[in-house]
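Structural characterization, general
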Amino acid sequence: MTTTPSPLAAFAERERLKLLAALSEWLRIPSISTQPEHAADCRRAAAWIAARLERLGFRVETIETGGHPILWGVGPEVPGAPTVLCYGHYDVQPADPLGEWVSPPFEPTVRDGNLYARGTADDKGQVFTVVAALEALVASRGSLPVNVRYLIEGEEETGSPGLTDLLTREPERTRADAVLVTDVNIVAPGRPSVDAALRGIVHAEIHVRTLQADLHSGIYGGAAPNAIETLWHLLEKLKGADGRIRIPHFYDRVKRPTAKELAAWRSLPVKEKGFREEAGAKALVGEKKYGFLERVWSRPTFEVHGIVGGYTGAGSKTVIPAEATAKISLRLVPDQRGKEAAAQLVQAVKRAAPKYADVSVKVFSSVDPAQTKLDSPAYAALDRAFREVWGRGIAPIRSGGSIPIVPLLQQRSQAVLLAGIGLPDDRLHAPNEKLTLEQIWKGIVLFGRFFELLSTENRSQ
Ligand code: BES
Ligand code: MN
Ligand code: MN
């Protein structure tokens, strides 16, 4: 590190308070996309970041969807320079359980060097960091070094239906030398990383009916079919206690990570004990054959999110429930396909259902897994930027999470970079979500340098 800060670092240093105030203003808008009563807030959050981009000379188009609007920002034309498409989302998850927050979710608060609020890490804080990097570039050089397109949606947390429609109709929008997706985290403090893959996801609900109506368990118990019992046997047929998913052909397309990837994962400063403690679990479970990172990054899952049925009120009620429902999801890995896995699930449930029960499956949505290539000029530019700013290059990792639009962002782009500045303990979707301030300040310099290096390295080729 040099003693005179770079112009980008000087900007981050000088503008700190103003940037923090601005980001806090954005975070105060509760843009919860899943709750219809927050539709107007989603619109306000979109308008807020659109105005910020317009100040930088962007032309911002607000594209209506059936739900929350998409922003398409086009930066000032830089003739001959490469084009970068940046992606992020302004919608956030609900803040419940509210009682668990140390400071209220929509009152951004700084404690111990962290900014706490819903949406700090996922994803407003990360989008803001990239926008601030663009501001730093304009402030220090007078203009941007690359052509920037900024795509910011408000339905990521609900499966990106509107953006999926848009990019299916208009794939040309993804024509770019690089796509930067800042909706992920780095693997550990001081250890920059980029995701080489994300998992896909299928959301579904299984409904079981065994009787016309609930029955007295004394009069009928022993002979009448119980819907909850039927459901648990059915779920057992879909996934065993050994962690293996029993859906026929489900694993056919599952690719093992390469030996090189596995070796790289072993050298990461993430160990099983620390991971278990972070999860707050006494032991980890799952397929014994695979290490814990392999299980969360490169193996598919079958998860039950909730079961409803029978009597759960005070005291006891001797009843045989007639109906039961389970909300489930499947996480998918390369090269599985969302639609295919959904069809396999439906088929498996049908086969596993006993004749005496009416069993139905509702598939809500399916998202394909994504895999990105790591040998592009853009990756090299980001690696160099990380080396300069963090003193360390990129570790290729994966994430177990899903970002629905990533497969479509790959249609016309040379490279998709899944790179963020969040940390693994940022508590996404959970109470006390945070983003570490140091990560924001360094992130501004990092992304600024990335854009600069991309312009010089791509031109010299
Ligand atoms: N940003 C996350 C996904 C993520 C988290 C990627 C951590 C990499 C590391 C995203 O906002 C998210 O929460 N996605 C949902 C999927 C969506 C279809 C509801 C998820 O993964 O559950
Ligand atoms: Mn996100
Ligand atoms: Mn999320």
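Keep in mind that this is a model prediction, so the values were computed, not measured. (Residues numbered from 1 in each chain as written. Chains lettered and ligands numbered in written order. Predicted model: local features only at pLDDT ≥ 70, side-chain atom pairs only at ≥ 80, totals over all residues. Heavy atoms only, no water.)

1. What to know about unusual backbone geometry
Heads up, the condition is: The secondary structure listing takes helices from DSSP runs of H or I that are at least 4 residues long and strands from runs of E that are at least 2 residues long, numbered from the N terminus. Per-residue accessibility, obtained with a 1.4 Å probe over protein chains only, is compared with the maximum for each type, and a residue is labelled buried under 20%, exposed over 50%, and partly exposed between these values.
Cis rather than trans, the peptide bond between Asp96 and Pro97 has omega equal to -5°. Structurally, Pro97 can be placed in the loop between β3 (83–89) and β4 (109–111). In this structure, the amide linkage connecting Pro334 to the following residue, Asp335, adopts the cis form with an omega of -5°. Note on placement: Asp335 falls in the loop between β13 (323–332) and α9 (338–352). Here Ser160, not a glycine, exhibits a phi torsion of approximately 55°, which is positive. Assessed through its relative accessible area of 0%, Ser160 is described here as buried. Positive phi, normally seen in glycine, also occurs at His249, with a value near 65°. Counting through the fold element by element, His249 comes out in the loop between α5 (227–238) and α6 (259–266).

2. Digging into the domain arrangement of the protein
Selection rule: These domain boundaries are the output of an automatic or database domain assignment. Accessible surface is computed with a 1.4 Å probe, and the buried area is the amount of it that two parts give up when combined, taken over both parts together. The working definition used for a salt bridge is a side-chain nitrogen of Lys or Arg within 4 Å of a carboxyl oxygen of Asp or Glu. Polarity classes work like this: nonpolar for Ala, Val, Leu, Ile, Met, Phe, Trp, Tyr, Cys and Pro, charged for Asp, Glu, Lys and Arg, and polar for all others, with Gly in that last group.
In terms of domain boundaries, the protein breaks down into domain 1 (7–198 + 369–459) and domain 2 (200–254 + 300–367). Carbon and sulfur atoms supply 62% of the area that domain 1 and domain 2 bury against each other, a total of about 670 Å² over both sides. Summed over the shared surface of domain 1 and domain 2, the result is zero salt bridges. Where the side of domain 1 that touches domain 2 is concerned, the elements lending two or more residues are β8 (193–198) and β15 (370–371). A class-by-class count of the residues in the side of domain 1 that touches domain 2 yields five nonpolar, four polar and one charged.

3. What about the coordination of the manganese ion (ligand 2)?
We count it as follows: In this listing, donors mean N, O and S atoms no farther than 2.8 Å from the metal, or 3.2 Å for Na, K and Ca; water is missing from the atoms, so a site can look incomplete. The geometry test gives tetrahedral to four donors whose angles all lie between 85 and 135 degrees, gives square planar to four donors and octahedral to six donors whose opposite members are over 155 degrees apart with all other angles between 65 and 115, and gives irregular to the rest.
Protein ligation of the manganese ion (ligand 2) involves His89 (NE2), Asp122 (OD), Asp183 (OD) and Asp183 (OD), the donor distances falling in the range 2.0 to 2.4 Å. Taken together, the six donor atoms coordinating the manganese ion (ligand 2) and their angles of 57 to 166° define a geometry best described as irregular. Expressed as a motif, the donor residue spacing for the manganese ion (ligand 2) is H-x32-D-x60-D. Between the manganese ion (ligand 2) and the manganese ion (ligand 3), a spacing of 3.6 Å is present, and a bridge between the two is formed by Asp122. Of this pair, Asp122 sits in the loop between β5 (114–116) and α3 (124–141) while Asp183 sits in the loop between β7 (178–181) and β8, placing them 61 residues apart in sequence. Given the relative accessible area of 9%, Asp183 is considered buried.

4. Considerations on the packing of aromatic side chains
Selection rule: Any pair of Phe, Tyr and Trp rings, taking the six-membered ring for Trp, is counted once the centres come within 6.5 Å. Such a pair is stacked with planes under 30 degrees apart, edge-to-face with planes over 60 apart, and tilted for the rest. By definition, being over a ring means that NZ of Lys or CZ of Arg is both within 6 Å of the ring centre and within 35 degrees of the ring normal.
Under the definition given, this model contains seven aromatic pairs. When the centroid spacing of 6.3 Å and the interplanar angle of 40° are considered together, the rings of Trp48 and Phe128 count as tilted. You can see Trp48 sitting in helix α2 (residues 39–55) and its partner Phe128 sitting in helix α3, a full 80 residues away along the chain. Residue Trp48 shares its accessibility class with Phe128, and that shared class is buried. One aromatic cluster is present, built from ring pairs that chain together Trp26, Trp48 and Phe128. Taking NZ or CZ as reference, Arg173 lies 4.9 Å from the ring centre of Trp72, over its face.

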